[in-house]
Amino acid sequence: MLDQNFIEKMQTRLIEEKERVEAEIKKLKTPEEPMDNPDIEDLSNDATEDLLEEQLLAVHKNILAKIDDALLRIKDGTYGRCLICGAEISEEDLEKEPWAEHCRSCKQ
Ligand SMILES: [Zn+2]
């Protein structure tokens, strides 16, 4: 069983991480100032940037969903268990990734 103190520590980290990711998403969603007289190069740089931002946004949203799931698992008492086999995920792995969903053997 995971230590209650450890779970509380992870909960704090998850909440902090969630705020950080939400701030990132907000920043990515803020529209840029329109340029005055953009030339072709500006426009194509802009298109590349948009694509990168979209990918980044998708990554952030994915993490946010995992954080929310982990917070729910803390609530219902299943936090720190592998979603596939039910084994306990080590504290070491949870320290690295508080929203970890799988034990080491299922991850492979
Ligand atoms: Zn497993």
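Located above this text is the structure these notes cover.
What counts and what doesn't
Residues numbered from 1 in each chain as written. Predicted model: local features only at pLDDT ≥ 70, side-chain atom pairs only at ≥ 80, totals over all residues. Heavy atoms only, no water. Helix = DSSP H or I, 4+ residues; strand = E, 2+ residues; numbered from the N terminus. Rg over C-alpha atoms; globule rule 2.2 N^0.38 Å. Buried < 20%, exposed > 50% of the residue type's maximum accessible area, 1.4 Å probe, protein only. Contact = heavy atoms within 4.5 Å. Areas by Shrake-Rupley, 256 points an atom, 1.4 Å probe, with all protein chains shown as cover. Lys, Arg positive; Asp, Glu negative; His and termini not counted. Charge placed at Lys NZ, Arg CZ, Asp CG, Glu CD. Core = buried A, V, L, I, M, F, W, Y, C linked by side-chain atoms within 4.5 Å. Donors = N, O, S within 2.8 Å, 3.2 Å for Na, K, Ca; no water. Tetrahedral: all angles 85-135°; square planar, octahedral: opposite > 155°, others 65-115°.

1. As for the overall build of the chain
Then step 1. Per the secondary structure count, the chain includes four helices and zero strands.
Then step 2. Counted from the first residue to the last, the chain has its helices and strands arranged as α-α-α-α.
Then step 3. What you see for the chain is a C-alpha radius of gyration of 19 Å, clearly larger than the 13 Å of a compact globule of 108 residues, by over 25%.
Then step 4. In terms of overall dimensions, the chain has C-alpha extents of about 60 × 30 × 20 Å along its principal axes.
Then step 5. Counting over 108 residues, the chain shows a buried share of 25%.
Then step 6. Here the analysis covers contacts within the chain between residues at least 6 apart in sequence; of these, 62% occur between residues at least 24 apart.
Then step 7. Summing over all exposed atoms, the chain offers an accessible surface of approximately 7,800 Å²; the carbon and sulfur share of this is 52%.
Then step 8. On the chain, the mean spot of the 15 positive side-chain charges and the mean spot of the 28 negative ones are 9 Å from each other.

2. A look at the nonpolar core
Then step 1. Grouped together as the largest cluster of nonpolar side chains are 21 residues, with contacts concentrated most on Leu2, Leu14, Ile67, Ile74, Tyr79 and Leu94.
Then step 2. Within the residue set of this core, elements represented by two or more residues are helix 1 (4-29) and helix 2 (40-76).
Then step 3. Of all the elements, helix 1 adds the most residues to this core, at seven residues.
Then step 4. Setting aside residues up to four positions removed in sequence, Leu2 forms contacts with Ile7, Tyr79, Gly80, Glu88, Ile89, Glu91 and Leu94.

3. Quick word on the coordination of the zinc ion
In an ideal octahedron of six donors the angles at the metal are 90 or 180 degrees, and in an ideal tetrahedron of four donors they are 109.5 degrees.
Then step 1. Distances from the zinc ion to its protein donors, Cys82 (SG), Cys85 (SG), Cys103 (SG) and Cys106 (SG), fall at 2.3 Å.
Then step 2. Geometry at the zinc ion is tetrahedral, judged from the four donor atoms that bind it and their angles of 106 to 116° at the metal.
Then step 3. Site description for the zinc ion: donor spacing in sequence, C-x2-C-x17-C-x2-C. Taken together, the residues Cys85 in the loop between helix 2 and helix 3 (91-96) and Cys103 in the loop between helix 3 and helix 4 (104-107) connect sequence positions 18 residues apart.
Then step 4. Its relative accessible area of 7% is what places Cys103 among the buried residues.

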